[in-house]
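Each chain is listed here by its residues.
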Amino acid sequence: PTIPTEKLIHLCYNKTMNVDFAPIKKYLWSLDKNTLDLKKDAKPIITNILNFGDVQALSWLLRHYDKKTISSVASSRRSGISAKSKNFLYLISSDN
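Residues numbered from 1 in each chain as written. Predicted model: local features only at pLDDT ≥ 70, side-chain atom pairs only at ≥ 80, totals over all residues. Heavy atoms only, no water.

(A) Quick look at helix H3 (residues 55-64). Among the residues of H3, Ala57, Leu58, Trp60 and Leu61 are the ones counted as buried. Down the axis, H3 shows its buried residues gathered within 155° of arc, on one side only. Residues Val55, Gln56 and Arg63 are exposed on H3 and point more than 90 degrees away from its buried face. Of the surrounding secondary structure, the elements contacted by the buried residues of H3 are helix H2 (42-52), helix H4 (67-75) and helix H5 (83-93). The N-cap residue of H3 is Asp54: its side-chain oxygen and the backbone nitrogen of Gln56 are 3.2 Å apart. (Buried < 20%, exposed > 50% of the residue type's maximum accessible area, 1.4 Å probe, protein only. Helix = DSSP H or I, 4+ residues; strand = E, 2+ residues; numbered from the N terminus. Arc of directions from axis to C-beta. Contact = heavy atoms within 4.5 Å. Polar contact = N/O pair within 3.5 Å; in protein donor to acceptor, adjacent residues only side chain to side chain.)

Listed below in structure tokens is the structure:
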């Protein structure tokens, strides 16, 4: 069987970028695990990890996204990120 070109591109991109989604897959129930893409799926990945993730998932998030990207997603009006998660994000990103 042949692999569709689009799926092959996603697989190669994520493999080239050395992205291991295994530690966070349980938080990405609404996404197709076979075509996950750091750029395309940034909003749902960041949102779900901030809302439901554990320390390991948060560590993964901070290794794969810069603070600017995370803040941009979190501060958007319809981010879906809970107030509790936004407060936590504020605490860990402040320079106190």
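And the narrative resumes.
(B) Focus on the packing of aromatic side chains. As enumerated under the stated definition, the model contains three aromatic pairs in all. On the basis of an interplanar angle of 40° and a centroid distance of 5.8 Å, the ring pair of Phe21 and Trp60 is categorised as tilted. Of the two residues, Phe21 sits in the loop between helix H1 (5-16) and H2 while Trp60 sits in helix H3, which places them 39 residues apart along the sequence. Accessibility expressed as a relative area gives 7% for Phe21, which makes it buried. (Phe/Tyr/Trp six-rings, centres within 6.5 Å; stacked < 30°, edge-to-face > 60°.)

(C) Representation of the packing of H2 against H4 within the structure. Two elements in contact, H2 and H4, have axes whose closest approach is 10 Å; the angle formed by their N-to-C orientations is 80°. For the element pair H2 / H4, the angle class is roughly perpendicular. Two secondary-structure elements touch here, H2 through Lys43, Ile46, Thr47 and Leu50 and H4 through Thr69, Ile70 and Val73. In the contact of H2 with H4, the residues fall into four nonpolar, two polar and one charged. (Axes fitted to C-alpha atoms, helices over the stretch in contact; angles between N-to-C directions. Parallel < 35°, antiparallel > 145°, perpendicular 65-115°, else oblique. Nonpolar A, V, L, I, M, F, W, Y, C, P; charged D, E, K, R; others polar.)

(D) Molecular detail of the pattern of salt bridges. One pass over the structure, following the stated rule, counts one salt bridge. Taking the shortest distance from any N to any O, the salt bridge between Asp41 and Lys40 comes out at 3.9 Å. On the basis of relative accessible area, Asp41 is assigned to the buried category, the value being 8%. Its relative accessible area of 53% is what places Lys40 among the exposed residues. (Salt bridge = Lys/Arg side-chain N within 4 Å of Asp/Glu carboxyl O.)

Read these as layout, nothing more, since geometry by itself doesn't imply function.
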